Amino acid sequence: MKKIVNLSLSIIFSIIFFSCSQQDGGWDDNIKLSRKTVEFSAAADSVLVTTGGISWWVNNVSVDSNGCKYYPGVTAEVDTFTIQHDCFIVKRRNKNTLFIKVDKNTQSINRTITVCLEAGDYFDYVTVTQKPI
């Protein structure tokens, strides 16, 4: 009886331990960005970011951490799309290419544009920092 109790406790402990080891959002990197940060001068500029994965989409784009986020409403089934706002254009050109273009920064402070990519339960970010004039 003691062996059965010990075995049962071992099994229960193992189940609890292994089921708690993977958290939500804890998937392995299945987007595989070629770069995660970009720095620009104040001039208008653009960058191509490639991915190793193909089943990703843009979850949102935020500007200057002021709480403004732009949600494009696209999914991984869409091979190409464009998100355009006042100071940026974000395009998925194909399954492995993200194009980000920013207008000239006429502000006196840095501009930060963060593009959040999602693939299943994995999120990754491309952060563009643009210097002021």
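What counts and how
- Residues numbered from 1 in each chain as written.
- Predicted model: local features only at pLDDT ≥ 70, side-chain atom pairs only at ≥ 80, totals over all residues.
- Heavy atoms only, no water.
- Pairing = 2+ DSSP bridges.
- Helix = DSSP H or I, 4+ residues; strand = E, 2+ residues; numbered from the N terminus.
- Core = buried A, V, L, I, M, F, W, Y, C linked by side-chain atoms within 4.5 Å.
- Buried < 20%, exposed > 50% of the residue type's maximum accessible area, 1.4 Å probe, protein only.

(A) Fine view of the sheet that holds strand 8 (residues 111–119). Strand order in the open sheet made by the five strands is 1-9-8-3-4, with mixed pairing throughout. Only two strands of the sheet have a single neighbouring strand rather than two, namely strand 1 (37–40) and strand 4 (69–70). Where strand 3 (residues 57–63) and strand 4 come together, two bridges link them in antiparallel fashion. Bridge pairing links Val61 to Tyr70 in strand 4.

(B) Local environment of the nonpolar core. By size, the foremost hydrophobic cluster in this structure holds 28 residues, and its most contacted members are Val58, Phe88, Val90, Leu98, Val115 and Val126. Elements supplying a minimum of two residues to this core: strand 1, strand 2 (45–50), strand 3, strand 5 (81–84), strand 6 (88–94), strand 7 (97–102), strand 8 and strand 9 (122–130).

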